[in-house]
Amino acid sequence: MKYVVVSGGVISGIGKGVLASSTGLLLKTLGLRVTSIKIDPYMNIDAGTMSPLEHGECFVLNDGGEVDLDLGNYERYLNITLTRDHNITTGKVYSKVIEKERNGDYLGKTVQVVPHLTNAIQDWIERVARIPVDKSGQQPDVCIIELGGTVGDIESAPFVEALRQFQFRVERDNFALIHVSLVPVIHGEQKTKPTQAAIKDLRSLGLSPDMIACRCSSTLDTATVEKIAMFCHVGPEQVLAVHDVNSTYHVPLLLREQKQMDFLTDRLKLKSLNLSSEMKTKGAELLSRWSSVTTSHDRSFETVSIAIVGKYTNLHDSYLSVIKALEHSAMRCERKLEIVWVESSNLGPDSQETNKADFHKAWHSLCCADGILVPGGFGSRGIEGMVLAAKWARENNIPYLGICLGLQIAVMDFVRHVLGIEGSNSQESDPEYPEEKASVVYMPDVDQEKLGGTMRLGLHSTHFKEGTEWSSLRKLYGGANIVNERHRHRYEVNPKLVDDIEAKGLQFIGRDESGNRMEILELQSHPYFVGTQYHPEYLSKVLDPSKPILGLVAAASGILSDVIENKSQLYEGDF
């Protein structure tokens, strides 16, 4: 097993996740099987109870794991399926060590950060790195490990020490370290001192970088590269210039141009793995497809605008998977994507009274968009604005996709304005609202007291009803009878109102295996009015876009029928 560690210095949010994913993709283009682990130094057990406004979105895995959004990057770039154990947090590791201590596994020894905690981290990495993550079921060849936060932070110290020890446990030829740093531009001059200081800090902790990835707003000057190489004790070929590009999907090609794989092949003795010709061919095909999709997107001139009507629009990372899924679909449709951010609170009647400027601006943005997407969310804030957005899309034949909460919003709109149950609400917004009139109710099988990890989580099957062959979404799924998608919700459509809703034309074309829980809705008389209780964005890949989101972008572009007829659009890679 080969290990490539990606750490960061100077500032957080520097792009370690994209660089780790891009490095993994390039290793796959060599024919290697790649897995990824994300280390998060926070004390939380997982990301499930963290505010998206503080930490970005919570990404959900097949096994129901609620994890850091970077694992979504790994899955999207590498076409792999990770587990909750691929996300290591301080909370998880301490819980494991304390549990062992309570069980007497340490035989009366004084339990300390070194060696007990650091050994637990190393054991965790070695165990998880060997878990198969693709359809072959084979053990990966390379594991990318991203160390979250900034090297030197007090909370990451045990992990840095564990990695220092780990490089000797697995031996030099099996361990490489890429450190991501920042080269700011001040008055037109590229400054190298922050990078020099970051590398000095890293070396003082016992880790020496094999490559330094320098983030900069512009292309690094040759003199800057040579200066970093000289003062950081590396060769110029070990300095990667990662400047801002049009799309993060260009980063793998940028790294390839700088011969990153040539260096890592030599440093990690990758040729000793003796790959089969079949795997090398698959890697070459992957590189060809990736290059084709990203370069063709650069040649796109037509634009499609999608309004995201959400509650957490102040931090776009709150909807990172939705954004990426829209990008994947826009690339497939050969359109330039324009995302229009609409804060749902500004659409409501209260805003009309208190903040007229924001109210009119929000409605102007919504009305000018080619398509509307209402993503997931929790709580009562902004709900009325979302309902009005769904109503606008339904009545004006604007393509609409509601995800999780967005499906429930579409149902609330329909129950209020078509069924005529005035003010019908969700029991999430109003727990005392009478169940017989509520559009959305609490799922009876979900814990209503304990919040962490108690929702309906992970991969569940959705069964299409008989007689729904007309459905655009079902056609996008290739006419499948069953689809498997990831979920994260506590509330569901009120089953008592389903018959009345369907009698008025809004069809629940997909249900769970019991047939009692509504999973997909679609309005047959509409160009594209779809809602999914699941989160399709979690399974979207760069080369295999999410079908519901692809449908939205295609409908908003006016090419939905072309996309459905073109079976090559439904490609699903196996590597």
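The shown structure was predicted, so the numbers you read here are calculated from the model rather than taken from an experiment. Throughout, residues of each chain are indexed from 1 in the direction in which the sequence is written. Only residues with pLDDT of 70 or above have their local features reported here, since the model is predicted, and side-chain atom pairs are shown and tallied only from 80 upward, although totals for entire chains, interfaces and linings are computed over all residues. Side-chain metrics in this entry use all non-hydrogen atoms of the structure; hydrogen atoms and water are not considered.

### A short note on the side chain of Ser426
Part 1 of the reasoning: In this fold, Ser426 is placed in the loop between helix H16 (405-419) and strand E16 (440-442).
Part 2 of the reasoning: Polar contacts involving the side chain of Ser426 include one to the main-chain amide nitrogen of Glu428, which spans 3.0 Å. We count a stretch as a helix when DSSP gives it H or I for four or more residues in a row; a strand needs E for two or more, and each element gets its number in order from the N terminus. Each polar contact in these results corresponds to two N or O atoms within 3.5 Å; when the atoms are within protein, one needs to be able to donate a hydrogen and the other to accept it, and residues that are neighboring in sequence are counted only if both atoms are side-chain atoms.

### Here's the deal with the nonpolar core
Soluble, globular proteins show a tendency: their nonpolar side chains are buried together.
Part 1 of the reasoning: Ranked by internal contacts, the top residues of the largest apolar core, which has 49 residues, are Leu19, Leu27, Ile144 and Val242.
Part 2 of the reasoning: In terms of residue count, helix H1 (residues 16-29) provides more of this core than any other element does, six residues in total.
Part 3 of the reasoning: Only heavy atoms enter the contact rule, under which two residues are in contact if any of them lie within 4.5 Å. Residue contacts for Leu27: discarding those within four places in its chain leaves Leu32, Val34, Val142, Ile144, Met261 and Leu270.
Part 4 of the reasoning: By size, the runner-up hydrophobic cluster in this structure holds 41 residues, among which are Ala369, Val411, Leu506 and Leu523. Take the buried Ala, Val, Leu, Ile, Met, Phe, Trp, Tyr and Cys residues and link them wherever side-chain atoms come within 4.5 Å; each set so joined is a nonpolar core. Between buried and exposed lies partly exposed: a residue is buried under 20% and exposed over 50% of the maximum accessible area for its type, with that area taken using a 1.4 Å probe on protein chains only.

### Let's talk about H1
Part 1 of the reasoning: Taking 1.5 Å as the rise per residue, H1 with 14 residues should run 20 Å; its terminal C-alpha atoms sit 20 Å apart, in good agreement.
Part 2 of the reasoning: With 14 of 14 residues buried, H1 is to be regarded as a mostly interior element.
Part 3 of the reasoning: Within two residues after H1, Gly31 carries a phi angle of roughly 100°, on the positive side. Given a helix with a known number of residues, its expected span is that number minus one, times 1.5 Å.

### A short note on the sheet that holds strand E7 (residues 175-182)
Part 1 of the reasoning: The strand order across the open sheet built from seven strands is E5-E2-E6-E1-E7-E10-E11, with neighbouring strands paired in parallel fashion. Edge positions in the sheet fall to strand E5 (87-89) and strand E11 (239-243), since each of these pairs with one other strand and no more. When the angles between neighbouring strand axes are averaged without regard to direction, this sheet yields 20°.
Part 2 of the reasoning: Pairing between strands requires that DSSP locate at least two bridges from one strand to the other. Sheet topology places strand E10 (residues 211-216) next to E11; five bridges connect them, and they run parallel. Residue pairing across strands places Ala213 opposite Leu240, the latter belonging to E11.
Part 3 of the reasoning: Simply put, an axis is a line fit to the C-alpha atoms, just over the touching stretch for a helix, and the angle between two N-to-C directions goes from 0 to 180 degrees. Sitting on the sheet, helix H5 (residues 113-129) is in contact with strand E1 (2-8), strand E2 (34-40), E5 and strand E6 (142-147), with an inclination near 150° to E2.

### So, the environment of Trp124
Part 1 of the reasoning: On the secondary structure map, Trp124 appears in helix H5.
Part 2 of the reasoning: As a C-alpha pair, Trp124 and Ile88 span 36 residues in sequence and 8.3 Å in three-dimensional space.
Part 3 of the reasoning: Those residues within four positions of Trp124 in sequence are excluded, and the remaining contacts are Asp85, Ile88, Lys92 and Val93.

### Here's the deal with helix H6 (residues 157-169)
Part 1 of the reasoning: The terminal C-alpha atoms of H6 lie 18 Å apart, and with 13 residues this matches the ideal 18 Å at 1.5 Å per residue to within 8%.
Part 2 of the reasoning: Inspection of H6 places Pro158, Phe159, Val160, Ala162, Leu163, Gln165, Phe166 and Gln167 among the buried residues, and these make up the whole buried set.
Part 3 of the reasoning: Phi turns positive, to about 80°, at Glu171, one or two residues after H6.

### What to know about empty space enclosed by the protein
Part 1 of the reasoning: The rule is simple: put a 1 Å grid over the protein atoms alone, call a set of points where a 1.4 Å probe fits but cannot get out a cavity, call an open set with protein on both sides within 12 Å along at least five of seven lines a pocket, and count a residue as lining if it has an atom within 4 Å of a point. Grid points are joined across faces, edges and corners, and a volume is the space filled by probe spheres set on the points. In the structure shown here, the tally under the stated rule is four cavities of 30 Å³ or more.
Part 2 of the reasoning: Taken together, Gly377, Phe378, Cys404, Leu405, Gln408, Glu428, Arg488, His489, Arg490 and Tyr491 make up the full set of residues lining the second largest cavity.
Part 3 of the reasoning: We call Asp, Glu, Lys and Arg charged. Ala, Val, Leu, Ile, Met, Phe, Trp, Tyr, Cys and Pro are nonpolar, and the rest, Gly among them, are polar. The residue makeup of the lining of the second largest cavity, split by class, is four nonpolar, three polar and three charged.

### Notes on the environment of Leu255
Part 1 of the reasoning: By secondary structure assignment, the location of Leu255 is in helix H9 (residues 251-257).
Part 2 of the reasoning: Residue classification places Leu255 among the buried residues on the basis of a relative accessible area of 0%.
Part 3 of the reasoning: On a C-alpha basis, the gap between Leu255 and Val242 in space is 7.6 Å, while along the polypeptide they are 13 residues apart.
Part 4 of the reasoning: If we ignore the near neighbours within four places in the chain, the residues touching Leu255 are Leu19, Ser22, Thr23, Leu26, Leu240, Val242 and Gln260.

### Describing the sheet that holds strand E18 (residues 482-489)
Part 1 of the reasoning: The sheet built from nine strands is open, its strands ordered E13-E12-E14-E15-E22-E21-E20-E17-E18 with mixed pairing. The open sheet has two edge strands, strand E13 (336-343) and E18, and neither has a second partner. Across the sheet, the mean angle from the axis of one strand to that of its neighbour is 25°, orientation sign disregarded.
Part 2 of the reasoning: For strand E12 (residues 303-310) and strand E14 (residues 371-374), the ladder comprises three bridges, and the chain directions are parallel. The partner of Ile308 across the bridge, within E14, is Leu373.
Part 3 of the reasoning: Relative to E13, helix H12 (residues 320-332) is tilted by about 150°, and along the sheet it contacts E12, E13 and E14.

### Looking at the side chain of Arg511
Part 1 of the reasoning: Assignment of secondary structure puts Arg511 in strand E20 (residues 506-511).
Part 2 of the reasoning: A distance of 3.3 Å separates the side chain of Arg511 from the side chain of Glu502, its partner in a polar contact.
Part 3 of the reasoning: Beyond its immediate stretch of four places on either side in the chain, Arg511 contacts Ser461, Thr462, His463, Lys465, Val498, Glu502, Arg517, Met518 and Glu519.

### Here's the deal with unusual backbone geometry
Part 1 of the reasoning: Put simply, Val114 and Pro115 share a cis peptide bond, and its omega is 15°.
Part 2 of the reasoning: Looking at the secondary structure, you find Pro115 in helix H5.
Part 3 of the reasoning: For Glu334, which is not glycine, the phi torsion reads 55° and is therefore positive.
Part 4 of the reasoning: Mapped onto the elements of the fold, Glu334 is located in the loop between H12 and E13.

### Observations concerning the pairing of E2
Part 1 of the reasoning: Burial analysis of E2 places seven of its seven residues in the buried class, the great majority of the element.
Part 2 of the reasoning: Side chains of E2 alternate between two faces, with Val34, Ser36, Lys38 and Asp40 and Thr35, Ile37 and Ile39 buried alike.
Part 3 of the reasoning: Alignment of E2 against E6, held across six bridges, turns out to be parallel. By the bridge assignment, Ile39 is partnered in E6 with Leu147.

### Focus on the packing of aromatic side chains
Part 1 of the reasoning: In this analysis, rings of Phe, Tyr and Trp, with Trp reduced to its six-membered ring, are considered paired at centre separations within 6.5 Å, and the interplanar angle assigns stacked below 30 degrees, edge-to-face beyond 60, and tilted for intermediate values. Applying the stated rule across the entire model yields twelve aromatic pairs.
Part 2 of the reasoning: The interplanar angle of 75° and the centroid separation of 5.0 Å between the aromatic rings of Phe59 and Tyr538 together place this pair among those described as edge-to-face. With Phe59 in strand E3 (residues 59-60) and Tyr538 in the loop between strand E22 (529-532) and helix H19 (547-557), this pair connects stretches of sequence that are 479 residues apart. The pair Phe59 / Tyr538 is uniform in exposure class, with both members buried.
Part 3 of the reasoning: Residue placement shows Arg127 over the ring face of Trp124; its charged tip is 5.5 Å from the ring centre. In our convention, an over-ring charge means Lys NZ or Arg CZ found within 6 Å of a ring centre and within 35 degrees of that ring's normal.

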